[in-house]
Amino acid sequence: MKISRTYSVPKMHCASCVMLLEGIEDDLPGVERAEASLKKNQLKVTFDDTVISEKNILAAVREEGYDAHPIGGSNG
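Quick caveat: nothing in here was measured; it's all calculated off a predicted structure.

Engineer: Lay out the overall build of the protein with the relevant residues and their values.
Structural biologist: Of regular secondary structure, the protein possesses three helices and four strands. Ordered by position from N to C terminus, the α and β elements of the protein give β-α-α-β-β-α-β. Relative to a compact globule of 76 residues, whose C-alpha radius of gyration would be 11 Å, the protein shows 11 Å and is just as compact. The principal-axis extent of the C-alpha atoms belonging to the protein is close to 30 × 25 × 15 Å. Going through the 76 residues of the protein one by one, you find that 34% of them count as buried.

Engineer: Would you mind going over the nonpolar core in detail, with residue names and values included?
Structural biologist: Residues L21, I24, L43, V45, F47 and I57 are the most contacted members of the largest nonpolar core, which totals 22 residues. Every element with two or more residues in this core is listed here: β1 (2–8), α1 (15–22), β2 (31–37), β3 (42–48) and α3 (54–63). Apart from residues no more than four positions distant in its own chain, L43 is found in contact with R5, T6, Y7, V9, L21, I24, A34, E35, A36 and V61.

Engineer: Go over α3 with me, naming the residues and quoting the values.
Structural biologist: Of the residues making up α3, those classed as buried are I57, L58, A60 and V61. The buried side chains of α3 occupy one side of the element, clustering within an arc of 155° when seen end-on. Opposite the packed face of α3, turned more than 90 degrees from it, sit the exposed residues K55 and E63. Of the surrounding elements, those touching the buried residues of α3 are β1, α1, α2 (24–27), β2 and β3. Within two residues after α3, G65 carries a phi angle of roughly 100°, on the positive side.

Engineer: Go over unusual backbone geometry with me, naming the residues and quoting the values.
Structural biologist: Most of the time, phi is negative for any residue but glycine, and the peptide bond is trans. Its identity as a non-glycine residue notwithstanding, N41 has a phi of 55°, on the positive side. As for its placement among the helices and strands, N41 is situated in the loop between β2 and β3.

Engineer: Please set out the pattern of salt bridges residue by residue, giving values where relevant.
Structural biologist: Tallied over the entire structure, the rule returns three salt bridges. Across the salt bridge formed by K2 and E32, the nearest N and O atoms sit 3.4 Å from each other. On the criterion of sequence distance, the pair formed by K2 in strand β1 and E32 in strand β2 is long-range, its members being 30 residues apart. K2 sits in the partly exposed class, given a relative accessible area of 43%.

Engineer: I'd like to hear about the environment of E64, residue by residue, with values.
Structural biologist: Tracing the chain through its elements places E64 in the loop between α3 and β4 (69–71). For E64 and M19, which are 45 residues apart along the polypeptide, the C-alpha to C-alpha distance reads 11 Å. Apart from the residues within four sequence positions on either side, E64 is in contact with L20 and D27.

Criteria and cut-off values
Residues numbered from 1 in each chain as written. Predicted model: local features only at pLDDT ≥ 70, side-chain atom pairs only at ≥ 80, totals over all residues. Heavy atoms only, no water. Helix = DSSP H or I, 4+ residues; strand = E, 2+ residues; numbered from the N terminus. Rg over C-alpha atoms; globule rule 2.2 N^0.38 Å. Buried < 20%, exposed > 50% of the residue type's maximum accessible area, 1.4 Å probe, protein only. Core = buried A, V, L, I, M, F, W, Y, C linked by side-chain atoms within 4.5 Å. Contact = heavy atoms within 4.5 Å. Arc of directions from axis to C-beta. Salt bridge = Lys/Arg side-chain N within 4 Å of Asp/Glu carboxyl O.

As structure tokens, then:
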């Protein structure tokens, strides 16, 4: 099932951060879209939870050097 989840990413501080975080879209099967907002310090990820888990997405974000915390709910 397709899910969209928004995460707070407090340590995002520049355009390079945005590019790194949006790069998970290309790196992770099952991630349809990753959109980072520097202004809001947020990352919105749309993914297929039958292919990838939220835990794997958060692990990939950590591997890039950021902590992400879910905010709000899902709107799949």
